[in-house]
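# Structure at a glance
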Amino acid sequence: MLGHQHFTLSTATALLVLIPFLPEYRIRVGFVLVGVAIGSLIPDIDSKGTAIFSGNINQLDGYISRAFAYLLSPFMPAFGYFTRYFIYKPAVKLLNVASDEYRFEEKHRGFTHSLMGVVVFVLCTGLALYPVFLYFGSMSLLIYLMAGYTAGAVLHMVQDSMTSSGIKWNQPFSSVKLKGQLRTGKDTLRPQTFLATLISLILLGIAPIRLTVFSYKGWNGLVLAGLCWLIFALISGVSISTD
């Protein structure tokens with residue numbers, strides 16, 4: 001998928017889950033959303049010229065999405081370049097030195113689009129930000145930021161798993177790939193329809209108010225978002241492949 005699709009689908013999903021907590025925990029929810037937004041673009045640091053490096057997310061619809069992206073635009077390139085040159089590239093080189101059996105490649109939808117890559121990015125980014133948050137005495141906010149960052153990166157991989165190219169979640173240890181039928185940049189109707197569905201659920205307030213299957217309010221939005229993504233995966237024709 002394209003950068004603006006990753007950004008909007010991920011942040012909309014997070015907002016659907018977090019709406020019940022917004023009135024009471026505005027700052028914490030804000031940090032989670034910022035983390036999700038940045039994390040949703042981080043896996044594409046393996047390609048130059050992507051949205052994370054410019055901070056300019058084109059083709060965004062709606063004033064709220066554009067305003068949110070505008071506020072984050074100064075931070076996007078910092079995260080993008082830092083992760084690419086101080087985490088991604090050194091990590092790939094070190095892993096190749098340490099491993100004779102497996103080959104870690106610097107290519108699009110390679111290491112950055114794997115569970116191992118996400119773990120490395122989360123740990124290293126968290127450690128890099130630790131002194132800053134420690135100085136301001138806001139360690140709990142770092143946890144919320146990195147939780148959102150992790151969720152955003154994983155959602156990015158879920159979304160790319162619905163495209164015809166797909167991704168290998170456990171590469172290079174496994175050749176199993178999840179892929180769907182969406183063509184990046186060409187099939188726009190299904191992602192737009194799905195985004196409209198998420199936004200409609202948010203606006204209707206279904207997650208925090210009317211869906212009360214679980215006593216813990218956080219589970220209601222989480223389950224609803226999970227069901228939405230499951231349906232979208234089925235509509236996108238996601239299947240398991242080893243090619």
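A quick note: this is a predicted structure, and the numbers were derived from the prediction, not measured. (Residues numbered from 1 in each chain as written. Predicted model: local features only at pLDDT ≥ 70, side-chain atom pairs only at ≥ 80, totals over all residues. Heavy atoms only, no water.)

### So, the overall build of the protein
Counting its secondary structure elements, the protein contains ten helices and two strands. In the protein, the order of α-helices and β-strands from amino to carboxyl end is α-α-α-α-α-α-α-β-α-α-α-β. For the protein, the proportion of its 243 residues judged to be buried stands at 48%. Expressed as a percentage of contacts within the protein between residues at least 6 apart in sequence, the contacts between residues at least 24 apart total 67%. When the accessible area of the protein is evaluated, it comes to approximately 12700 Å², of which 66% is carbon and sulfur surface. (Helix = DSSP H or I, 4+ residues; strand = E, 2+ residues; numbered from the N terminus. Buried < 20%, exposed > 50% of the residue type's maximum accessible area, 1.4 Å probe, protein only. Contact = heavy atoms within 4.5 Å. Areas by Shrake-Rupley, 256 points an atom, 1.4 Å probe, with all protein chains shown as cover.)

### Some details on the environment of Gln 171
Within the secondary structure layout, Gln 171 lies in the loop between helix H7 (139–160) and strand E1 (177–179). Exposure remark for Gln 171: the relative accessible area of 11% places this residue in the buried category. Sequence separation between Gln 171 and Arg 103 is 68 residues, and the spatial gap between their C-alpha atoms is 9.3 Å. If we ignore the near neighbours within four places in the chain, the residues touching Gln 171 are Arg 109, Gly 110, Phe 111, His 113 and Ser 114. In this structure the side chain of Gln 171 is engaged in a polar contact, spanning 3.0 Å, whose partner is the backbone oxygen of Gly 110. Only 3.1 Å separates the side chain of Gln 171 from the backbone oxygen of Lys 168, close enough to count as a polar contact. (Polar contact = N/O pair within 3.5 Å; in protein donor to acceptor, adjacent residues only side chain to side chain.)

### Remarks on the packing of aromatic side chains
Within the structure shown, the criterion is met by 13 aromatic pairs. Both rings, one in Tyr 102 and one in Phe 173, keep their centres 4.8 Å apart while their planes meet at 75°; by these two values the pair is edge-to-face. Here Tyr 102 is found in the loop between helix H5 (76–98) and helix H6 (115–135), whereas its partner Phe 173 is found in the loop between H7 and E1, with 71 residues between them in sequence. You can call Tyr 102 partly exposed: its relative accessible area is 29%. (Phe/Tyr/Trp six-rings, centres within 6.5 Å; stacked < 30°, edge-to-face > 60°.)

### Examining the packing of helix H1 (residues 3–18) against helix H2 (residues 26–39)
At a minimum axis separation of 9 Å, H1 and H2 run at an interaxial angle of 155°. Comparing their axes, H2 and H1 come out roughly antiparallel. In the packing of H1 onto H2, the handedness of the crossing is right-handed. Between H1 and H2, the contacting residues are Phe 7, Ser 10, Thr 11, Ala 14, Leu 15 and Leu 18 on the first element and Val 29, Val 32, Leu 33, Val 36 and Ala 37 on the second. Across the contact of H1 with H2, the residue classes break down as nine nonpolar, two polar and no charged. (Axes fitted to C-alpha atoms, helices over the stretch in contact; angles between N-to-C directions. Parallel < 35°, antiparallel > 145°, perpendicular 65-115°, else oblique. Left-handed = near helix turned anticlockwise from the far one by under 90°. Nonpolar A, V, L, I, M, F, W, Y, C, P; charged D, E, K, R; others polar.)

### Notes on a nonpolar patch on the surface
A cluster of nonpolar side chains, Trp 219, Leu 222, Val 223, Leu 227, Leu 230 and Leu 234, forms an exposed patch at the surface whose accessible area comes to about 590 Å². Structurally, Val 223 can be placed in helix H10 (residues 217–235). The exposure class assigned to Val 223 is partly exposed, which follows from its relative accessible area of 31%. (Patch = residues over 30% accessible without salt bridge, like charges linked within 9 Å, V, L, I, M, F, W, Y side chains within 5 Å. Salt bridge = Lys/Arg side-chain N within 4 Å of Asp/Glu carboxyl O.)

### Focus: the packing of H1 against H7
In the contact formed by H1 and H7, the axes pass within 10 Å of each other and the chain directions differ by 120°. If you check the angle between H1 and H7, you find them oblique. At the point where H1 passes H7, the crossing takes the right-handed sense. Facing H1, whose interface residues are Gln 5, His 6, Leu 9, Ser 10 and Thr 13, H7 presents Gly 152, Leu 155, His 156, Gln 159 and Asp 160. Residue classes in the contact of H1 with H7 are distributed as two nonpolar, seven polar and one charged.

### Focus: the side chain of Ser 47
As for its position among the elements, Ser 47 is in the loop between H2 and helix H3 (51–54). Judged by relative accessible area, Ser 47 falls into the buried class, the value being 18%. Those residues in contact with Ser 47 that lie beyond four places of it in its chain are Phe 53, Arg 84 and His 108.

### Digging into the pattern of salt bridges
Counted by the stated rule, this structure contains four salt bridges. For Lys 93, the salt bridge is made with Glu 106, and the minimal N-O distance between the two is 3.4 Å. Remark: Glu 106 occurs in the loop between H5 and H6 and Lys 93 occurs in helix H5; sequence separation between them is 13 residues. For Lys 93, a relative accessible area of 51% gives the class exposed.

In short, geometric facts, not functional conclusions.
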